[in-house]
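# Fold and contact review
Below, each chain spelled out in residue letters.
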Amino acid sequence: MEKIYNFKEVEAKWYKYWIENKIFSTKPDKNRKPFTIVIPPPNVTGSLHMGHALDNILQDIIIRFKKLQGYNTLWVPGTDHGGIATQNVVEKLLKKEGKTKYDLGREKFLEKVWQWRAETGDIILEQLKKFGCSLDWDRTAFTMDESRSKAVKKSFIYLFNKGLIYRGKRLVNWCPSCSTALSDIEVEYENEKSSLWHIKYPLKDSKEYVIVATTRPETILGDTAVAVNPDDARYTKLVGKTITLPLINREIKIVADYMVDKSFGTGAIKVTPAHDTIDNDIAKRSRLDIIEIINAGGTMINVPSKYQGLNTEEARKEIVKDLDAIGSLVKTEDYTHSVGKCYRCSTKIEPLMSEQWFLNVTEMSKKAVEAANDGITSFHPKSWKKPYIVWLENLRDWCISRQIWWGHRIPVYYCVDEKGNRNNCKSIASFDKPVECSCCKGKNFVQDEDVLDTWFSSALWPMSVFNWGEDDNNEDLKYFYPTSVLVTGHDILYLWVARMVQFSLEFMKNIPFNDVFIHGILKDKHGRKMSKSLGNVVNPMVIMSQYGTDALRFALAQVAAPGRDLQISDELFLTARNFANKIWNASRFIIMNSEGIDKLDNDIQLSELADYWIITEFANTVSKVKAAYESYNIDSSVREIYDFFWTKYCSWYIEFSKIRILSTNLNTKKQVLSMLVHILKSTLQFISPIMPFIAEEIWQILNKASNIKTLSESSLFEVKNGNAESIEKMKVLQDIIVNIRTLRSEMNISPAIKLEALFNVLEDNKETIVKENENYIKQLAKISTIQFCKNMKRPKNSALAITGSFEIFLPLEGLIDTKKEKARLMKKIGFAKQEVDRITLNLDNENFIKKAPDTEIEKIKTRLNEAKLKIEKINGTLKFLE
RNA sequence: GGGCAGUUAGCUCAGCCGGAAGAGCAUUUCCCUUACAAGGAAGAGGUCGCAGGUUCAAGUCCUGCACUGCCCACCA
């Protein structure tokens with residue numbers, strides 16, 4: 001074995017093997033419990049980033065652990081067509097050729113997108129393989145393949161016929177750059193510096209006026225009212241009066257509406273129902289006219305010719321200038337407010353009136369809320385439950401249509417005449433083009449031009465990957481559905497998770513998953529979001545090639561506390577890589593020493609204190625690790641395994657084992673090697689969900705590569721029970737060893753120099769423990785001989801190491817620096833005195849004695865005695881240093 | 001405006017069933033000891049954000065405040 005773990009070779013070898021032997025393929029098996037995860041399908045655009053790495057690695061860890069526990073695990077892979085995002089990417093490519101999608105036309109353009117997907121779509125899947133993901137590749141799905149399309153159509157038609165999907169002209173969020181409507185949740189708000197313009201609105205036939213404050217003066221041309229709060233004493237007498245709008249002299253009313261905040265600006269607001277959500281609501285309540293003045297291209301319409309055709313920004317400049325000129329502009333102040341932007345291209349959203357398809361979600365939301373309240377869907381961490389419910393409760397109807405070409409085209413057909421003009425017949429939702437119109441018997445139809453929001457097909461994903469829509473009663477769906485857990489970041493909790501629950505409750509009458517595991521969002525080492533503009537994006541592929549996949553996985557798992565954002569840095573990966581190397585070398589030591597010895601791990605025998613101790617420590621670790629895995633606290637499993645393996649197993653147990661390994665008695669050697677191998681193999685099982693490659697490699701070497709069966713196909717070993725006593729006893733030895741080492745280190749005594757030790761026994765019952773393990777103390781503390789005695793005075797020129805049970809004198813003729821030794825001991829007395837003071841204070845407290853539990857009192861009394869004894873002994877020794 | 005997190009060693013974070021402050025990285029000293037220098041041994045470093053309260057005992061429970069971050073909201 002090489003001295004340094006060569007991850008490149010190992011990773012390539014094992015993933016290939018796993019795939020070729022279909023280790024991750026699963027079929028329904030009624031004798032075993034299923035455990036299912038459906039991948040959050042990454043968009044086919046581009047490649048996977050660190051966030052994907054985190055999300056998928058966490059899923060893989062859970063799946064692999066459950067598999068070891070004996071579940072029939074299935075993890076379904078797939079990708080998302082990614083609607084707007086993908087269309088934008090392809091449009092950009094076209095732009096480089098100097099073309100637009102309109103040059104190609106719908107059909108040709110779509111061909112182009114499909115072609116692009118064929119070329120690049122699989123990059124992502126290959127990357128998932130590199131992460132080591134144990135996905136069942138035979139089930140790879142795509143949100144726009146045939147089966148998934150059937151699911152989309154089926155659900156749409158069902159909802160349409162139920163009257164939940166309807167078409168209407170409403171105020172929607174419009175992205176002028178993507179030229180499509182967006183749902184409320186696809187709008188992201190950002191604070192932006194702007195101005196607040198105060199404008200005089202004169203009352204008709206009067207010298208009086210009302211001042212309104214606005215951030216959008218250009219929409220003045222679309223105003224159809226001024227609104228004030230009905231309780232605002234300043235304005236009560238003006239409600240119902242008429243105002244003449246500046247610049248265009250349109251007469252509008254002053255209306256009262258509770259929505260108006262008295263304290264904002266002047267307490268009076270201009271109402272532009274066609275281009276503002278609140279204004280639109282006010283207009284509904286007060287039955288105001290709606291005048292559209294901005295079109296889908298973001299330019300002014302239905303306005304005086306001097307403004308006609310300007311974009312909103314130009315119009316704003318002109319209008320402010322003109323208002324100023326006629327003396328209507330009272331003042332302009334700096335103002336910061338939040339502005340809605342497109343989540344795909346960051347263009348400012350233009351609210352405008354548009355004919356769109358909507359899904360009425362009222363009933364679905366109610367059911368989803370019930371499911372969450374009843375705990376049928378449970379959140380990890382649970383703090384997400386409340387925001388999730390609040391969101392569902394305040395949901396407006398979902399705008400599901402998009403004016404783009406790439407996506408599931410809305411399966412609604414309109415009856416048309418020969419010239420293509422729409423007849424006044426009922427529109428039909430149908431899988432295929434209808435044959436005959438039920439109203440007029442006409443035979444000509446056109447399909448709706450719009451496509452569905454990409455999240456519509458995503459919402460069906462957990463069902464559609466099992467071919468719901470094509471065959472609703474298939475075995476897979478019956479067996480694997482509902483899935484066990486959904487793993488995702490909180491950024492798409494509403495966008496996606498909530499909708500899957502809604503759709504699943506509607507179509508399957510069941511939840512799509514039992515648990516929702518919400519992890520944090522990745523940040524850089526300074527806590528900043530990773531973004532291309534900051535240049536702090538860490539590419540997982542680069543990390544893998546530098547540190548190895550297991551290191552990447554370990555590092556991410558280590559910081560993946562549920563719900564908390566995680567910061568990653570080079571040091572993190574370095575630590576992870578070092579840990580892999582530690583595992584490698586510990587294994588290497590054991591493997592090198594077991595050459596020529598067969599069947600090591602069967603039937604282990606505990607013969608010495610260290611054996612009982614390590615078994616006990618391991619049993620404790622295992623129970624913590626299991627609990628951590630099961631509650632999605634992957635970070636704690638990592639910590640527990642790391643600490644156990646490095647500190648307990650390597651630093652203590654392996655060091656202890658060396659004496660027996662070097663023993664000439666073959667049975668002794670075999671016994672300890674069996675212990676070592678047993679614990680190692682068991683540890684490999686527990687670390688394998690996190691570091692599958694190195695675990696598999698060592699597992700195979702340990703199993704002598706014959707009759708190969710992979711680690712992931714093994715079942716967790718039974719863990720033997722230990723005893724708490726062994727931990728106490730081992731502590732005695734560790735105390736002695738550490739104390740002597742500290743002394744040596746502080747006195748600068750080279751490990752090459754072996755020392756004689758005199759053990760003055762303070763606690764009789766501890767003597768046996770030491771006697772039985774004398775060799776280990778000698779070995780690890782570099783002691784040549786140990787002599788036991790009682791009531792001994794400090795020999796000349798010796799240094800003192802003191803534990804709870806022993807006073808250890810180390811004769812240091814020629815090595816001891818009396819001054820140094822004195823200072824060292826004085827420091828120890830200092831610590832002990834602090835301890836005595838602290839405990840005495842407690843014991844002197846009547847209430848403490850009265851109210852604290854006896855065990856606690858006993859405990860600190862023991863500590864007090866130890867500290868006092870220590871002081872006494874050290875003082876006794878100090879006398880000899882005078 | 002509402003809600004949710006966080007605030008512990010120089011940095012990143014554990015600890016939160018209340019009973020002697022922990023890890024990794026960085027740092028200091030010693031050591032290339034036959035598993036590992038990507039390592040070993042030892043050390044230094046913390047009035048656990050602030051102020052109250054409950055308690056014999058508070059990093060840990062309660063209240064308030066401050067700062068940081070996130071989410072939600074119709075900031076016109």
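Look above for the structure.
Described in the following lines is the structure provided in the data block.

### Concerning unusual backbone geometry
Residue H380 is joined to P381 through a cis peptide bond whose omega torsion reads 0 degrees. Secondary-structure assignment places P381 in the loop between β15 (378-380) and α10 (385-393). Note the cis peptide between Y481 and P482, where omega equals 0 degrees. Notably, R287 is not glycine yet its phi reads approximately 50 degrees, a positive angle. Summarising the element assignment, R287 is placed in the loop between α7 (277-286) and α8 (312-325). Relative accessible area serves as the criterion here: at 77%, R287 is assigned to the exposed category.

### A look at the protein's contact with RNA strand B
In the neighbourhood of RNA strand B, 54 residues make up the surrounding shell, with M259, D261, I269, I278 and K851 lying closest. Expressed as a percentage, the sugar and phosphate content of the atoms of RNA strand B within 4 Å of the protein is 59%. At a separation of 2.8 Å, a sugar or linking oxygen of RNA strand B approaches a polar backbone atom of T215. Side-chain polar atom of R564 to a phosphate oxygen of RNA strand B: 2.5 Å apart, as the coordinates give it. Of all the elements in the fold, those that place two or more residues in the surface near RNA strand B are β8 (209-214), β13 (329-342), α16 (570-593), α18 (634-661), α21 (724-746), α24 (818-844), α25 (846-851) and α26 (854-879).

### A short note on the sheet that holds strand β22 (residues 483-489)
Strand order across the open sheet formed by three strands is β15-β23-β22, with parallel pairing between neighbours. Each having just a single partner strand, β15 and β22 make up the two edges of the open sheet. Geometrically, the sheet is characterised by an average inter-axis angle of 20 degrees between neighbouring strands, direction not taken into account. In the sheet, β22 pairs with strand β23 (residues 513-519) via six bridges, with the strands oriented parallel. Its bridge partner being in β23, V487 is matched across the sheet by F517. Of the strands in this sheet, β22 and β23 touch helix α2 (residues 50-68), which is tilted by about 155 degrees from β22.

### Some points on the sheet that holds strand β18 (residues 412-415)
Pairing between the strands of a sheet is mediated by backbone hydrogen bonds and can be parallel or antiparallel. Taken together, the three strands give an open sheet; going across it, the order is β19-β18-β20, and neighbouring strands pair in antiparallel fashion. Single-partner strands in this sheet number two, and they are β19 (428-429) and β20 (445-447). In this sheet, β19 lies alongside β18 in antiparallel orientation, the contact comprising two bridges. By the bridge assignment for β19, V412 is matched with A429.

### Quick notes on helix α17 (residues 609-630)
Across its 22 residues, α17 extends 32 Å between first and last C-alpha, which sits within 8% of the 32 Å expected from 1.5 Å per residue. One or two steps after α17, the chain reaches Y632, where phi turns positive at roughly 65 degrees.

### Regarding the pattern of salt bridges
The full count for this structure, using the stated rule, is 60 salt bridges. In this structure, D611 and R660 form a salt bridge, with 2.8 Å as the shortest nitrogen-oxygen distance. In this pair, D611 sits in helix α17 while R660 sits in helix α18, placing the two residues 49 residues apart along the sequence. The pair formed by D611 and R660 is uniform in burial state, with each residue classed as buried. As a salt-bridge pair, R794 and E821 come within 3.4 Å of each other at their nearest N and O atoms. One end of the pair, R794, is in the loop between β27 (783-789) and β28 (798-802); the other, E821, is in helix α24, with 27 residues separating them in the sequence. Note on E821: relative accessible area 0%, which makes it buried. Taken together, the salt bridges that share partners define one network made up of E190, E192, K341 and K348.

Cut-offs and rules
- Residues numbered from 1 in each chain as written.
- Chains lettered and ligands numbered in written order.
- Predicted model: local features only at pLDDT ≥ 70, side-chain atom pairs only at ≥ 80, totals over all residues.
- Heavy atoms only, no water.
- Helix = DSSP H or I, 4+ residues; strand = E, 2+ residues; numbered from the N terminus.
- Buried < 20%, exposed > 50% of the residue type's maximum accessible area, 1.4 Å probe, protein only.
- Near = heavy atom within 4 Å.
- Polar contact = N/O pair within 3.5 Å; in protein donor to acceptor, adjacent residues only side chain to side chain.
- Pairing = 2+ DSSP bridges.
- Axes fitted to C-alpha atoms, helices over the stretch in contact; angles between N-to-C directions.
- Contact = heavy atoms within 4.5 Å.
- Expected span 1.5 Å × (residues − 1).
- Salt bridge = Lys/Arg side-chain N within 4 Å of Asp/Glu carboxyl O.

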